[in-house]
Amino acid sequence: MYAPLIRIRIPLFSLLLALLLCQGSSMSSLVKSDAEDFIDWWQHTVFYQIYPRSFKDSNGDGIGDLPGITSKLQYLAETGITATWLSPIFQSPMVDFGYDISDYRQIQPEYGTMEDFEQLIDKAYELGIKIILDFVPNHSSDEHEWFKKSAAKEPGYEDYYVWVDPKIDENGDRQPPNNWQSVFYGSAWEWHEGRQQYYLHQFTKEQPDLNYRNPAVVQAMDDVILFWLNKGVAGFRIDAVNHMFEKESLEDEPLSGKTKDPLSYDYTTHIYTKDLPEVLEMVQHWRHLLDDFSSKHPEGPTRIMMTEAYAGLTTLADYYEDRNGVRGSQLPFNFHFITDVNGDSDARDFVYNVEKWLIYMPRGHAANWVMGNHDNPRVASRFGPSAVDAMNMLLMTLPGVAVTYNGEELGMEDYRDMRWEDTVDPPARNVGEQLFRNVSRDPERTPFQWNNASHAGFSEATKTWLPVHPNYRELNLEAQKAAPKSHYKVYKALIELRKSAIMRLGRFTIEPISRWVFAFKRSFANFDSIITVINVSDKEQLVNLSEFLNQPKKLVVEVAGVESAYQPGQSLAAIALSLAPHEGLVCRLV
Ligand code: GLC
């Protein structure tokens, strides 16, 4: 049993008053504003990730753009989304589709202009949607003027990047300084003819790592943060943050034993290139910058950061707040639904996955759950298409913040059969035609499926940057809006349910009910509780929820999946509840 996982900002008597006010009424009718007073805007929000290149193309070039996003903000608002984070929109040669930035203050021309961005911000503000930008500090593009100046040893820029002399082997040949590999395959070192030194790149060779041991770099990036804060963004998603520092002694990393391929990132254990203690200091530095901005501009919302690090629990917990109580990232992304469970996991695995985050997260912070992103296979492909509703129920009814990748509200599927000729993702191109399917991120990045028109209504071009998934004729937003039951309608009902006080503040308990079924409860003493129950197996399961519910009076369906035999409003017997394969149900315990 956990105490409410969010910071309560007003005195306890006001909370009790609000609870009294909602007594007798159905909890879901408790309007948003009642509960919003207790927690800050980001502590219970659904953050909807937009991958700009694939969301909506407004000018027919086959590439999504900012006016396209602006034209669809109304869709987000209708769905109940109040915050979105955008993958990079900055000037870039697009080697890694925007994660290689050549000017941190310019909009990529194929995405639009600064004016388009300002219009997007204005429209979002009008609709009550907060915009979070992707901030990519670890590396720039090799076309950034900083890199060109650094390569030329221009005064002030010599140490903007990580430059190292070669090692000379017994034959007198030049070799990289050590065995560090790039996340995207091959050595992390690239020889620069002009400067006659190697530079470090933890991702592609066109993404040189910036040197944060140089205070001028820290200052330059702080200025970038302030630039976008002044444009009205509510915060940043910070990319690849745990790669920002490397051990200066440049020792070889130990072999992991996981693979025999010395060019693979898995060949070594990354003790000198990842999760160094300096990362935490930098995260705390940015938190300070954001808090300072928020206090100087109190007319706006609290400006926040969410950090991307595939790291251990202790490391991520320290991002929230370190052992000395110093606060860092508001939302260190919790990727465990992506990395630690899959279609073969049983109920215990899911319960353990949830509990471990809540146990490690320091008290007084907001939990967060990421169900998908542009770097990993989609929910339908990880857990199976029949599990889409259940996974959205899980995501949306847990306490704290939910992060949805665009298209997951429709149950979009990876385009796994994408051909080599259509493949553009750098790690996939790097490993070649035989192995590209193992690592390509293109399948989950295909254009958003708006309707059944050509290119799924995404674009009027003859060819789009990535092909549209051929299932768009049946699987699209328009069809799901028109259908009596659909993944989209389930998702929307879940967002509606999240507005209630109980979903924001209710106590939380979770248990495996059987090997294949788990359930969790959000409750206040003497009030209706909300129960989520999920069958993670591909067989029908009959369960008895009586013990978990502790003398249930009446269980009434709130949200049921597309294939469910149950209807919202239907009463159920907790003693013998039958769940179809991969079925999830959200019920009210009256
Ligand atoms: C992050 C991004 C990913 C990108 C990488 C390098 O992991 O999510 O898409 O390729 O960083 O910037």
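Rules used throughout
Residues numbered from 1 in each chain as written. Predicted model: local features only at pLDDT ≥ 70, side-chain atom pairs only at ≥ 80, totals over all residues. Heavy atoms only, no water. Helix = DSSP H or I, 4+ residues; strand = E, 2+ residues; numbered from the N terminus. Rg over C-alpha atoms; globule rule 2.2 N^0.38 Å. Contact = heavy atoms within 4.5 Å. Near = heavy atom within 4 Å. Polar contact = N/O pair within 3.5 Å; in protein donor to acceptor, adjacent residues only side chain to side chain. Areas by Shrake-Rupley, 256 points an atom, 1.4 Å probe, with all protein chains shown as cover. Nonpolar A, V, L, I, M, F, W, Y, C, P; charged D, E, K, R; others polar. UniProt positions renumbered as here; feature names shortened; annotations may be inferred. Buried < 20%, exposed > 50% of the residue type's maximum accessible area, 1.4 Å probe, protein only. Arc of directions from axis to C-beta. Axes fitted to C-alpha atoms, helices over the stretch in contact; angles between N-to-C directions. Left-handed = near helix turned anticlockwise from the far one by under 90°. Core = buried A, V, L, I, M, F, W, Y, C linked by side-chain atoms within 4.5 Å. Salt bridge = Lys/Arg side-chain N within 4 Å of Asp/Glu carboxyl O. Phe/Tyr/Trp six-rings, centres within 6.5 Å; stacked < 30°, edge-to-face > 60°. Lys NZ or Arg CZ within 6 Å of the ring centre and 35° of its normal. Pairing = 2+ DSSP bridges. Lys, Arg positive; Asp, Glu negative; His and termini not counted.

Chemist: Please explain the overall build of the chain as it appears in this structure.
Modeler: Scanning the chain for helices and strands turns up 19 helices and 23 strands. Relative to a compact globule of 590 residues, whose C-alpha radius of gyration would be 25 Å, the chain shows 24 Å and is just as compact. Overall, the chain is about 80 × 50 × 50 Å in size when its C-alpha atoms are taken along their principal axes. Contacts in the chain between residues at least 24 apart in sequence constitute 69% of all its contacts with a sequence separation of at least 6.

Chemist: So what exactly am I meant to see when it comes to the site of the ligand here?
Modeler: Inspection of the region around the ligand gives 14 residues, with D96, D239, E308, H374 and D375 positioned closest. With respect to the ligand, the side chain of H139 contributes an N or O atom lying 2.9 Å from an oxygen atom. Across the complex, the protein chains shield 95% of the 310 Å² of accessible surface that the ligand would expose by itself. For the shell around the ligand, the class distribution of residues is 4 nonpolar, 3 polar and 7 charged.

Chemist: Where do I start with the UniProt feature "domain: Glycosyl hydrolase family 13 catalytic" (unreviewed entry) in the chain in this structure?
Modeler: Under the local residue numbering, the UniProt record ascribes the feature "domain: Glycosyl hydrolase family 13 catalytic" (unreviewed entry) to residues 49-445. Counting secondary structure, residues 49-445 comes out at 30% helix and 13% strand; the distance between its end C-alpha atoms is 12 Å.

Chemist: Can you walk me through the side chain of H243 in this structure?
Modeler: Mapped onto the secondary structure, H243 falls in the loop between β11 (235-238) and α8 (277-296). Judged by relative accessible area, H243 falls into the buried class, the value being 8%.

Chemist: I tried to follow helix α9 (residues 313-320) on my own but got confused; where do I start?
Modeler: Each full turn of the α-helix corresponds to 3.6 residues, which orients residues three or four apart in the same direction. Along α9, the residues classified as buried are L313, L316, A317, Y319 and Y320. The buried side chains of α9 occupy one side of the element, clustering within an arc of 150 degrees when seen end-on. The elements touched by buried residues of α9 are α8, β12 (304-307), β13 (331-332), α10 (336-339), α11 (347-360) and β14 (368-370).

Chemist: Sorry if this is basic, but what is going on with the environment of V556 here?
Modeler: One can find V556 in strand β20 (residues 555-560). Considering only alpha carbons, one finds V556 and L589, 33 residues apart in sequence, at a separation of 6.5 Å. Sequence-distant contacts of V556, that is, excluding residues within four places in its chain, are made with G569, Q570, S571, V586, C587, R588 and V590.

Chemist: It is not clear to me how the packing of helix α7 (residues 215-230) against α8 should be interpreted in this structure. Could you clarify?
Modeler: The description of two packed helices rests on the angle between their axes and on the distance between the axes. Contact geometry for α7 and α8: axes closest at 11 Å, N-to-C directions at 35 degrees. Note on packing geometry: the crossing formed by α7 with α8 is right-handed. Contacts between α7 and α8 involve V218, D222, I225, L226, L229 and N230 from the first element and M282, H285, W286, L289, L290 and F293 from the second. Split into classes, the residues belonging to the contact of α7 with α8 amount to 9 nonpolar, 2 polar and 1 charged.

Chemist: Is there a simple way to explain the nonpolar core in this structure?
Modeler: Looking at soluble globular proteins, one finds that nonpolar side chains tend to be buried together. F47, L133, F236, W286, L394 and F518 are the most contacted members of the largest nonpolar core, which totals 146 residues. For L394, the residues in contact, after removing those within four places along its chain, are F337, F350, M371, F518, F520 and I534. If you look at the next biggest cluster of nonpolar residues, it comprises 19 residues, including L545, L549, L555 and C587.

Chemist: What's the story with the pattern of salt bridges in this structure? I'm lost.
Modeler: Should the charged atoms of two oppositely charged side chains come close, the side chains can pair. In this structure the tally under the stated criterion is 30 salt bridges. For E308, the salt bridge is made with R237, and the minimal N-O distance between the two is 3.4 Å. Here R237 lies in strand β11 and E308 lies in the loop between β12 and α9, a separation of 71 residues in the sequence. There is no split in this pair, since E308 and R237 are both buried. Here the salt bridges do not stand alone but share partners, grouping D96, D375, D425, R441 and R445 into one network.

Chemist: Looking at this model, I keep getting lost on the packing of aromatic side chains. Mind explaining?
Modeler: Remark: the centre distance and the inter-plane angle together describe each pair of aromatic rings, the angle taken between the planes. Considering all chains together, one arrives at 38 aromatic pairs under this definition. Ring geometry for W191 and Y198: centres 5.1 Å apart, planes at 70 degrees, overall edge-to-face. The buried category is assigned to W191, whose relative accessible area is 15%. Judged by its relative accessible area of 6%, Y198 is buried. Here the aromatic cluster, defined as three or more aromatic residues joined through ring pairs, consists of F337, F350, W369, F383, F508, F518 and F520. Cation over ring: R53 sits above W465, and NZ or CZ is 4.8 Å from the ring centre. Across the ring face of W420, the terminal group of R429 is positioned such that the distance to the ring centre comes to 3.9 Å.

Chemist: I keep staring at the sheet that holds strand β17 (residues 517-523) and nothing clicks. Help me out?
Modeler: Picture the strands of a sheet paired through backbone hydrogen bonds; they go either parallel or antiparallel. Read across the sheet, 6 strands follow the order β16-β17-β18-β23-β20-β21 without closing on themselves; strand pairing throughout is antiparallel. For this open sheet the edge positions go to β16 (507-512) and β21 (571-572), each flanked by a neighbour on one side alone. One ladder, built from 6 bridges, connects β17 with strand β18 (residues 529-535); its direction is antiparallel. Of the residues in β18, the one forming a bridge with F520 is T532.

Chemist: Would you mind showing me how to read the side chain of K521 here?
Modeler: Residue position: K521 is located in strand β17. Buried and unpaired, K521 has E511 as its nearest opposite-charge partner, separated by 7.7 Å. Polar side-chain contacts of K521 include one of 3.5 Å to the backbone oxygen of F548. If we skip the residues at most four places from it in the chain, K521 touches R507, F508, T509, S529, I530, I531, F548 and L549.

Chemist: When you look at the environment of V95 in this model, what are you seeing that I'm missing?
Modeler: If you trace the backbone, V95 turns up in the loop between β3 (90-91) and β4 (103-107). By relative accessible area, which is 26% here, V95 ends up partly exposed. Separated by 434 residues in sequence, V95 and S529 place their C-alpha atoms 49 Å apart. Not counting residues within four places of it along the chain, the set of residues in contact with V95 comprises D100, T204, E206 and P426.

Chemist: Explain unusual backbone geometry here, please?
Modeler: Outside of glycine, negative phi angles account for most residues, and trans bonds account for most peptide bonds. Positive phi, normally seen in glycine, also occurs at A240, with a value near 45 degrees. When you line up the elements, A240 lands in the loop between β11 and α8. Located in the positive-phi region is H455, a residue other than glycine, with phi close to 50 degrees. Among the secondary structure elements, H455 is positioned in the loop between α15 (436-439) and α16 (477-482). Overall, H455 belongs to the buried group, its relative accessible area being 17%.

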